[in-house]
Amino acid sequence: MVALLLLLLLPPLAAASHELGAACAPATCGNLTIRYPFWLLGRHPPYCGYPSLGVSCDPAAPTLNNSSLRVLGIDYGNRSLAAFHAKLAEDATACSATTFNVSATLALPLLAVSRANWALILCTNCSRSAPAGSLPVTCPGSGAWNVYMGRRYESGGPFVQGMAPAGCQYSVVPMMPGSELGKLDDYPGLVRRGFFLEWTVAGDCAACNKSGGQCRYDAGFKCLCPDGRLHSATCARGEFHY
């Protein structure tokens, strides 16, 4: 009987590991506002966002999940972010882009390259002539390439959209829509303008907030409610929390 009473007096397990309050309040890093599903390393507890969406704050170039992605902006309404790849930005010649593999280099869970991007296409060893307006690039160890801008990004590559000649070896780098490559000197600036990534996470954080809860990560989306417990979607009722 005594043991049973002690168990009843103990707080819920969820409340012991998740605090209802300002722990996950939005934080700033440069011009960025960091909130769920992202979390700011060194400021937020890990349960404030998804493990792979942690942001390290260097005001000059916030970094996503200790990767080479430097975050330029986050649009929570569209579930998208703008970022550039640091290793590409370090090379003004565009030669590092010839070996750039989007799938391997951007292998971050929950993120996908947006089809709203344009595409910087580099091709070599083509069986046909390079598209009109392409610029020649000579890279040590891999020879002559042609580089040009495509007006749409496709995960299947430029052949899907008919933008690359047949029989080419090619590499594709996503670019911000509206990017123009008039000369090779434009390349470094275009890389630093970045490109769009989109995230997909379970749960409706806005609905959780509206019901009086706070959004949390606990092996997936959870809504921390005023009763101190984690719920799978929303709270019954309550006031707004972060």
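Look up: the structure comes first, before these words.
Residues numbered from 1 in each chain as written. Predicted model: local features only at pLDDT ≥ 70, side-chain atom pairs only at ≥ 80, totals over all residues. Heavy atoms only, no water.

A. Region of the structure containing the overall build of the protein chain. When helices and strands are counted, the protein chain shows 6 helices and 16 strands. For the protein chain, the proportion of its 242 residues judged to be buried stands at 46%. Look at the contacts in the protein chain between residues 6 or more apart in sequence, and 58% of them connect residues 24 or more apart. Summing over all exposed atoms, the protein chain offers an accessible surface of approximately 12,200 Å²; the carbon and sulfur share of this is 55%. (Helix = DSSP H or I, 4+ residues; strand = E, 2+ residues; numbered from the N terminus. Buried < 20%, exposed > 50% of the residue type's maximum accessible area, 1.4 Å probe, protein only. Contact = heavy atoms within 4.5 Å. Areas by Shrake-Rupley, 256 points an atom, 1.4 Å probe, with all protein chains shown as cover.)

B. Broad picture of the sheet that holds strand S9 (residues 118-124). Reading across from one edge, S10-S11-S9-S12 is the order of the 4 strands in this open sheet, with antiparallel pairing throughout. Edge positions in the sheet fall to strand S10 (135-139) and strand S12 (169-175), since each has one partner strand and no second. Strand-to-strand, the axes of this sheet are offset by a mean angle of 25°, without reference to chain direction. Sheet topology places S10 next to strand S11 (residues 143-150); 5 bridges connect them, and they run antiparallel. Bridging across to S11, Thr138 finds its partner in Ala144. (Pairing = 2+ DSSP bridges. Axes fitted to C-alpha atoms, helices over the stretch in contact; angles between N-to-C directions.)

C. Structural detail: the packing of aromatic side chains. Per the counting criterion, the structure on display carries 6 aromatic pairs. Between Tyr36 and Phe221, the aromatic rings sit 5.9 Å apart at their centres with planes inclined by 65°, giving edge-to-face as the arrangement. Here the residue Tyr36 occupies a position in the loop between strand S2 (32-34) and strand S3 (39-40), and Phe221 occupies one in strand S15 (residues 221-224), the gap between them amounting to 185 residues. Exposure class is identical for Tyr36 and Phe221. Each is buried. For Arg35, the ring lying beneath its charged end belongs to Tyr76, and the centroid distance is 4.0 Å. (Phe/Tyr/Trp six-rings, centres within 6.5 Å; stacked < 30°, edge-to-face > 60°. Lys NZ or Arg CZ within 6 Å of the ring centre and 35° of its normal.)

D. Molecular detail of the nonpolar core. Grouped together as the largest cluster of nonpolar side chains are 62 residues, with contacts concentrated most on Phe38, Leu64, Ile74, Leu81, Leu120 and Tyr187. With 6 residues, S9 is the single largest residue contributor to this core. With near-sequence residues (within four places) excluded, Leu64 lies in contact with Phe38, Ser52, Leu53, Gly54, Val55, Leu69, Val71, Leu81, Leu108 and Leu111. Core analysis: the second largest hydrophobic core is formed by 5 residues, Cys24, Trp39, Tyr47 and Cys48 among them. (Core = buried A, V, L, I, M, F, W, Y, C linked by side-chain atoms within 4.5 Å.)

E. Local environment of the pattern of salt bridges. The final tally for this structure, using the stated rule, is 2 salt bridges. Glu180 is the partner of Arg151 in a salt bridge, and the nearest nitrogen-oxygen pair spans 3.4 Å. One end of the pair, Arg151, is in the loop between S11 and S12; the other, Glu180, is in the loop between S12 and helix H5 (187-193), and 29 residues separate them in sequence. Arg151 sits in the exposed class, given a relative accessible area of 53%. Glu180 gets classed as partly exposed once you look at its relative accessible area, which sits at 46%. (Salt bridge = Lys/Arg side-chain N within 4 Å of Asp/Glu carboxyl O.)

F. Looking closely at the sheet that holds strand S16 (residues 230-231). A sheet is described by the order of its strands in space; here 3 strands give the open sequence S14-S15-S16, paired in antiparallel fashion. Since the sheet does not close on itself, it has two edges, and those belong to strand S14 (214-217) and S16, each with one partner. Across 2 bridges, the pairing between S15 and S16 is antiparallel. By the bridge assignment, Leu224 is partnered in S16 with Leu230.

G. The environment of Leu120, seen in detail. Turning to its location among the elements, Leu120 is positioned in strand S9. Its relative accessible area of 0% is what places Leu120 among the buried residues. It is 9.1 Å that separates the C-alpha atoms of Leu120 and Ala97, two residues lying 23 residues apart in sequence. Apart from the residues lying within four places of it in its own chain, the contact partners of Leu120 are Val147, Tyr148, Met149, Ser171, Val172, Val173, Met175, Leu181 and Tyr187.

H. Inspection of the state of the cysteines at higher detail. Scanning the entire structure with this criterion turns up 6 disulfides. Through a disulfide, Cys24 is tied to Cys48; the S-S separation comes to 1.9 Å. Because the torsion about its S-S bond is -80°, the bridge between Cys24 and Cys48 counts as left-handed. Of the two residues, Cys24 is situated in the loop between helix H2 (13-17) and strand S1 (27-29) and Cys48 in the loop between S3 and strand S4 (54-56); the sequence distance between them amounts to 24 residues. Exposure remark for Cys24: the relative accessible area of 8% places this residue in the buried category. Between the sulfur atoms of Cys95 and its disulfide partner Cys139 the distance amounts to 2.2 Å. Its torsion about the S-S bond being -95°, the disulfide of Cys95 and Cys139 is classed as left-handed. Highlighted residues: Cys95 in the loop between helix H3 (86-89) and helix H4 (102-105) and Cys139 in strand S10, separated in sequence by 44 residues. Residue Cys95 shares its accessibility class with Cys139, and that shared class is buried. Cys123 takes part in no disulfide bond, and the closest cysteine sulfur, belonging to Cys126, lies 3.8 Å away. (Disulfide = S-S within 2.5 Å.)

Fair warning: the whole summary comes from geometry, so function is off the table for now.
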